[in-house]
Amino acid sequence: MIQPIIKNHIRYYEGNIPLILTAPHGGEVSPDNIDDRTHGVFDLDDYTLELTEEIIHEFYLQTGKTPYVIVGEISRTKVDLNRKRDLAYEDERAKVVYDEFHHLIQKSEKEINTKFSKGLYIDIHGQSHPKGYTEFGYLLYNDMLKLADEHLTYHQDQTSIRTLSNFSNESFLDQLKGAYSLGTLMCNEGYDSIPSTKIPYATDGNYFEGAYDTIRYGSLQGGNISGIQIEFPYTDIRDTKEHRQKCAKAFVKSMIKFMRVHFDVDLEE
Ligand SMILES: [Zn+2]
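Parameters and conventions
- Residues numbered from 1 in each chain as written.
- Predicted model: local features only at pLDDT ≥ 70, side-chain atom pairs only at ≥ 80, totals over all residues.
- Helix = DSSP H or I, 4+ residues; strand = E, 2+ residues; numbered from the N terminus.
- Rg over C-alpha atoms; globule rule 2.2 N^0.38 Å.
- Buried ≥ 20, exposed ≤ 12 C-beta atoms within 10 Å, placed from the backbone.
- Pairing = 2+ DSSP bridges.
- Expected span 1.5 Å × (residues − 1).
- Contact = placed C-beta atoms within 7 Å.
- Axes fitted to C-alpha atoms, helices over the stretch in contact; angles between N-to-C directions.
- Parallel < 35°, antiparallel > 145°, perpendicular 65-115°, else oblique.
- Left-handed = near helix turned anticlockwise from the far one by under 90°.
- Nonpolar A, V, L, I, M, F, W, Y, C, P; charged D, E, K, R; others polar.

## What about the overall build of the protein?
Alright, step 1. The helix and strand inventory of the protein stands at 10 helices and 8 strands.
Alright, step 2. For 269 residues, the compact-globule estimate of 2.2 N^0.38 gives 18 Å, and the protein sits close to it at 17 Å.
Alright, step 3. Seen through its C-alpha atoms, the protein measures out along the principal axes to roughly 55 × 40 × 40 Å.
Alright, step 4. Within the protein, buried positions represent 49% of all 269 residues.

Below, the structure is given as structure tokens:
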């Protein structure tokens, strides 16, 4: 299995498949030489670093391969790796950490474009909404997900999977919430998810549509790498090692199907 390189509080795995995973909010390292942020959100996405590690392990078990992975070990109180630079940190000494994280995503995307000419970027987070659904973010607000299909279909150009439908016969709506959308694939594994055929939008309005990293590294501005933000709930998914392992297994199974259907890439080869 590929070993990580750790530099500037960022953990990096050089992958060998057209998939990038990032986890910007799972770190707890709090260096004394960087001052705390005083504005913004400071919440730790508990155990998303550990869940991401389980996913890497599970990829290796199921495929013998490794995605590109960039994980922040640093605490969000020092730098928010999922914000634009002027909102990400206040102490200039955090710049090197922020740059390391984003440089490695860009480097990974460049390598994927060269080697595979298409790929997927996934940004892993943790949420604490009451219903405990896994939320897949494509940059569409919950109110847009409520639209009738004939209207929703016109919003493809506002999403982080803008160009995904170029690589298969699946339409944008299929990819967003159809039978082989990530949400439905995870529902089939027992993890109720939004959007999906079962739950097309959040009935209570609690839903995260995606943020800076998904905007920047998906296909909103074009290119052949689409992006999806995932917000995993805490209970029964992130809370214990056993639950993280079980979820990682389901996620990798779903991802193998997703890559086959939407990218014509067989990760099990
Ligand atoms: Zn987060």
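## Observations concerning the pairing of strand β8 (residues 225-232)
Within a regular strand, side chains alternate between the sheet's two faces.
Alright, step 1. With 8 of its 8 residues buried, β8 lies for the most part within the structure.
Alright, step 2. Burial of β8 is two-sided: the residues Ile225, Gly227, Gln229 and Glu231 facing one way and the residues Ser226, Ile228, Ile230 and Phe232 facing the other way are all buried.
Alright, step 3. Of the strand pairs in this sheet, strand β5 (residues 119-126) and β8 are connected by 8 bridges, and their pairing is parallel. Within β8, the position partnered with Gly119 by the bridge is Ile225.
Alright, step 4. In this structure, strand β6 (residues 134-137) lies alongside β8, joined through 3 bridges in antiparallel fashion.

## Quick word on helix α1 (residues 48-63)
Alright, step 1. Its 16 residues place the ends of α1 22 Å apart at the C-alpha level, agreeing with the 22 Å of an ideal helix rising 1.5 Å per residue.
Alright, step 2. The positive-phi residue at the C-terminal boundary of α1 is Gly64, with phi of around 75 degrees.

## Details of the sheet that holds strand β7 (residues 193-194)
Alright, step 1. Strand order in this open sheet of 8 strands is β1-β2-β4-β3-β5-β8-β6-β7, and the pairing throughout is mixed. A single partner strand is all that each edge strand has here, and the edge strands are β1 (5-7) and β7.
Alright, step 2. Here β6 pairs with β7 via 2 bridges, running parallel. From the neighbouring strand, Glu135 faces β7, where its bridge partner is Ile194.
Alright, step 3. Running at roughly 170 degrees to strand β4 (residues 68-72), helix α3 (residues 95-115) makes contact with β1, β2 (10-13), β3 (19-23), β4, β5 and β8 of the sheet.

## Digging into the environment of Asp91
Alright, step 1. Its place among the elements puts Asp91 in the loop between α2 (85-88) and α3.
Alright, step 2. For Asp91, a count of 14 C-beta atoms within 10 Å puts it in the partly exposed group.
Alright, step 3. Once the C-alpha coordinates of Asp91 and Val79 are considered, the two residues, 12 residues apart in sequence, prove to be 8.7 Å apart.
Alright, step 4. Excluding residues within four positions of it along the chain, Asp91 makes contact with Ile34 and Asp35.

## Observations regarding the packing of α1 against helix α10 (residues 241-263)
Alright, step 1. Two numbers describe how α1 lies on α10: the axes approach to 8 Å, and their chain directions differ by 55 degrees. As the angle between them shows, α1 and α10 are arranged oblique. Judged by the twist between their axes, the crossing of α1 over α10 is right-handed. Of the residues in α10, those in contact with Glu50, Leu51, Glu54, Ile55, Glu58, Phe59, Gln62 and Thr63 of α1 are Arg244, Gln245, Cys247, Ala248, Lys249, Phe251, Val252 and Ile256.
Alright, step 2. Taken together, the residues of the contact of α1 with α10 break down into 8 nonpolar, 3 polar and 5 charged.

## Notes on α3
Side chains that are three or four residues apart share a direction in an α-helix, a result of its 3.6 residues per turn.
Alright, step 1. Between its first and last C-alpha atoms α3 spans 30 Å; for 21 residues at 1.5 Å apiece the expected length is 30 Å, and the two agree.
Alright, step 2. Phi turns positive, to about 60 degrees, at Ser117, one or two residues after α3.

## Section: unusual backbone geometry
Alright, step 1. Geometrically, the link from Ile194 to Pro195 is a cis peptide bond, its omega value of -10 degrees lying close to zero.
Alright, step 2. As for its placement among the helices and strands, Pro195 is situated in the loop between β7 and α8 (212-217).
Alright, step 3. Backbone geometry at Tyr47 places phi at a positive 60 degrees, although glycine is not the residue there.
Alright, step 4. By secondary structure assignment, the location of Tyr47 is in the loop between β3 and α1.

## Side note on the environment of Gly218
Alright, step 1. Topologically, Gly218 is positioned in the loop between α8 and β8.
Alright, step 2. On the basis of neighbour count, Gly218 is assigned to the buried category, with 28 C-beta atoms found within 10 Å.
Alright, step 3. Between the C-alpha atoms of Gly218 and Gly205, which are 13 residues apart in sequence, the distance is 24 Å.
Alright, step 4. What Gly218 contacts, discounting residues up to four positions off in sequence, is Tyr121, Ser160, Ile161, Ser226 and Gly227.

## Section: the environment of Glu53
Alright, step 1. Within the fold, Glu53 resides in helix α1.
Alright, step 2. Look at Glu53 and you get buried, because 20 C-beta atoms sit within 10 Å.
Alright, step 3. Along the primary structure Glu53 and Pro130 are separated by 77 residues, whereas in three dimensions their C-alpha atoms are 26 Å apart.

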